[in-house]
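Structure assessment
The primary structure of each chain is shown beneath.
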Amino acid sequence: LCVFLPSPAVTSPCKILKCNSEFWAATSGSHHLGAEEAPEFCTALRAYAHCTRRTARTCRGDLAYHSAVHGIDDLMVQHNCSKDGPTSQPRLRTLPPGDSQERSDSPEICHYEKSFHKHSATPNYTHCGLFGDPHLRTFTDTFQTCKVQGAWPLIDNNYLNVQVTNTPVLPGSSATATSKLTIIFKSFQECVDQKVYQAEMDELPAAFADGSKNGGDKHGANSLKITEKVSGQHIEIQAKYIGTTIVVRQVGRYLTFAVRMPEEVVNAVEDRDSQGLYLCLRGCPLNQQIDFQTIRSAQATEGRARRKGPSLPAPPEAFTYETATAKCREKLPVEDLYFQSCVFDLLTTGDVNFMLAAYYAFEDVKMLHSNKDKLHLYERTRELAPGNMAPTGTHPTLWVALLCLSWLCLL
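Residues numbered from 1 in each chain as written. Predicted model: local features only at pLDDT ≥ 70, side-chain atom pairs only at ≥ 80, totals over all residues. Heavy atoms only, no water.

Concerning the overall build of the chain
Check the secondary structure of the chain and you find 11 helices and 12 strands. When burial is assessed residue by residue, the chain has 50% of its 411 residues classed as buried. Taking the intrachain contacts of the chain between residues at least 6 apart in sequence as the baseline, contacts between residues at least 24 apart amount to 63%. As displayed, the chain has an accessible area near 19300 Å², and 53% of this comes from carbon and sulfur atoms. (Helix = DSSP H or I, 4+ residues; strand = E, 2+ residues; numbered from the N terminus. Buried < 20%, exposed > 50% of the residue type's maximum accessible area, 1.4 Å probe, protein only. Contact = heavy atoms within 4.5 Å. Areas by Shrake-Rupley, 256 points an atom, 1.4 Å probe, with all protein chains shown as cover.)

Put into structure tokens, the structure is as follows:
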């Protein structure tokens, strides 16, 4: 447990996302400027550097912060900017339509379907999603409700890393939700430079940590691109070079994550032994899973949500089982696991935004899942991944006892 369980997350006062957003707003999203605009760009860049210096102490271990600092140094050199000078932030002229970093002649290697599957069948796409308190749908359509407080790897393969941080919804409560998300796209051939995307509560940027919206200066840079769908609420990242689409939303105070990824990319891992905590592939560790259906039955009987254990503080708005069911049915008419997750979250948190999180999670499944017959899931699956299998030769009775012990840990 000491080796595999991360320590609880500590809320960081690092404000690097605010610095990134201010710089992006000041520069209108383009670094390809004429000579007459260079002074204004340098002014915005100095303001960006000044902002990062102000938050340096609180951002020491933050990947996005270090990426921004290196990016600023590079841009200073590229545009011959002096580190001394004015730091006000005039908004630069927006480039006319068509005058962008879009390149129609990107290398074929930067388009997954064209390069990897030129002479074979269309790749098989898989889906993973994380939402609510938190509920996980893995690449194998396993559905779990987990505790996973603190920082956990959601995806970890040869092309990208995704890490989520889950924090308690209420003081003293075992209910957690995703408060921070970090995505690292690794440098790939002539397509993209390494890019870091980071979002947290009340900060959903429409740009990478260095202020850019695509894969950098390489010839196929536009095969990685961020699009803002709803300001501060919904962004989409297209990584065409690995055939991947990522959707990140802020619903209420917390984040949801959904991805569509080819199986070939999902399984592209050099060291398969390191996949034990890759949640989207292997699911949550057994001792982190919660059987919310059992709890839901108790809630239906008692008419009130309380997880077993020490007495928890009352949620801000108390739902009964009947009112929670009625509320969830407004957005989720099919009583599948998304509906049941909605009911569970309303009872445990009292926050109606968790209903919207379940609703949008299912909307993302409809958009991203390649098999439309598997959109709805009805039976919660508690599969034991290879890393969680019973030891060879263990007596069945002993194994049952071990399972019971693990449940006692949860209770």
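Brief notes about the sheet that holds strand 12 (residues 289–290)
Spatial strand order, 8-9-10-11-1-2-3-12: 8 strands in an open sheet with antiparallel pairing. Pairing within the sheet leaves two strands with one partner each, and these edge strands are strand 8 (224–230) and strand 12. Alignment of strand 2 (residues 135–137) against strand 3 (residues 143–146), held across 3 bridges, turns out to be antiparallel. Each residue of the ladder has a partner; that of Arg137, found in strand 3, is Phe143. Relative to strand 10 (residues 244–251), helix 10 (residues 353–368) is tilted by about 165°, and along the sheet it contacts strand 1 (125–131), strand 2, strand 9 (234–239), strand 10 and strand 11 (254–262). (Pairing = 2+ DSSP bridges. Axes fitted to C-alpha atoms, helices over the stretch in contact; angles between N-to-C directions.)

Section: the state of the cysteines
Throughout this description, disulfide means a covalent bond between two cysteine sulfur atoms. Inspection of the entire model under this criterion finds 6 disulfides. Paired by a disulfide, Cys146 and Cys284 hold their sulfur atoms 2.0 Å apart. Where Cys146 bonds to Cys284 through sulfur, the torsion about that S-S bond is close to 95°, and the disulfide is right-handed. Remark: Cys284 occurs in the loop between helix 6 (279–282) and strand 12 and Cys146 occurs in strand 3; sequence separation between them is 138 residues. As far as burial versus exposure is concerned, Cys146 and Cys284 are alike and both buried. (Disulfide = S-S within 2.5 Å.)

Overview of the packing of aromatic side chains
Geometry of an aromatic ring pair is reported as the spacing of the ring centres plus the angle between the planes. Tallying each qualifying case throughout the model produces 9 aromatic pairs. With a centroid separation of 6.0 Å and an interplanar angle of 80°, the aromatic rings of Phe185 and Phe208 are classed as edge-to-face. Here Phe185 is found in strand 6 (residues 176–185), whereas its partner Phe208 is found in the loop between strand 7 (195–200) and strand 8, with 23 residues between them in sequence. Joined through ring pairs, the aromatic side chains of Phe131, Phe143, Tyr338 and Phe362 make up one cluster. Above the plane of the ring of Tyr359 lies Lys331, whose end atom (NZ or CZ) is 4.7 Å from the centre. (Phe/Tyr/Trp six-rings, centres within 6.5 Å; stacked < 30°, edge-to-face > 60°. Lys NZ or Arg CZ within 6 Å of the ring centre and 35° of its normal.)

Regarding the packing of helix 8 (residues 321–331) against helix 9 (residues 337–349)
Two numbers describe how helix 8 lies on helix 9: the axes approach to 9 Å, and their chain directions differ by 130°. The orientation of helix 8 with respect to helix 9, classified from their angle, is oblique. Viewed along their axes, helix 8 and helix 9 form a crossing whose handedness is right-handed. On the side of helix 8, the interface is formed by Tyr321, Ala324, Thr325, Lys327, Cys328 and Arg329, while helix 9 contributes Phe339, Cys342, Val343, Leu346 and Leu347. Tallied by class, residues from the contact of helix 8 with helix 9 come to 8 nonpolar, 1 polar and 2 charged. (Parallel < 35°, antiparallel > 145°, perpendicular 65-115°, else oblique. Left-handed = near helix turned anticlockwise from the far one by under 90°. Nonpolar A, V, L, I, M, F, W, Y, C, P; charged D, E, K, R; others polar.)

A few points about the packing of helix 8 against helix 10
The geometry of helix 8 relative to helix 10 is characterised by a closest axis approach of 10 Å and an angle of 35° between their N-to-C directions. Classified by chirality, the crossing of helix 10 by helix 8 is right-handed. In contact with Lys327, Cys328 and Lys331 of helix 8, helix 10 contributes Met355, Leu356 and Tyr359.

Some thoughts on the nonpolar core
Ile155, Leu160, Ile183, Phe185, Tyr241 and Phe257 are the most contacted members of the largest nonpolar core, which totals 48 residues. In terms of residue count, strand 11 provides more of this core than any other element does, 4 residues in total. Not counting chain neighbours up to four residues away, the residues in contact with Phe257 comprise Cys128, Gly129, Leu130, Leu154, Ile155, Val162, Leu181, Ile183, Ile246, Val247 and Val248. Judged by nonpolar contacts, the second largest core, of 24 residues, contains Ile16, Phe23, Leu45 and Tyr65. (Core = buried A, V, L, I, M, F, W, Y, C linked by side-chain atoms within 4.5 Å.)

Section: the confidence of the model for the chain
Mean pLDDT over the chain stands at 77; residues scoring 70 or higher make up 71%. When the criterion is pLDDT under 50, residues 1–11 qualifies, and its contacts beyond four places in sequence or with other chains add up to 17 contacts. Contacts of residues 89–104 to residues separated by more than four positions or lying in other chains number 33 contacts, the stretch itself having pLDDT below 50. (pLDDT = per-residue confidence, 0-100.)

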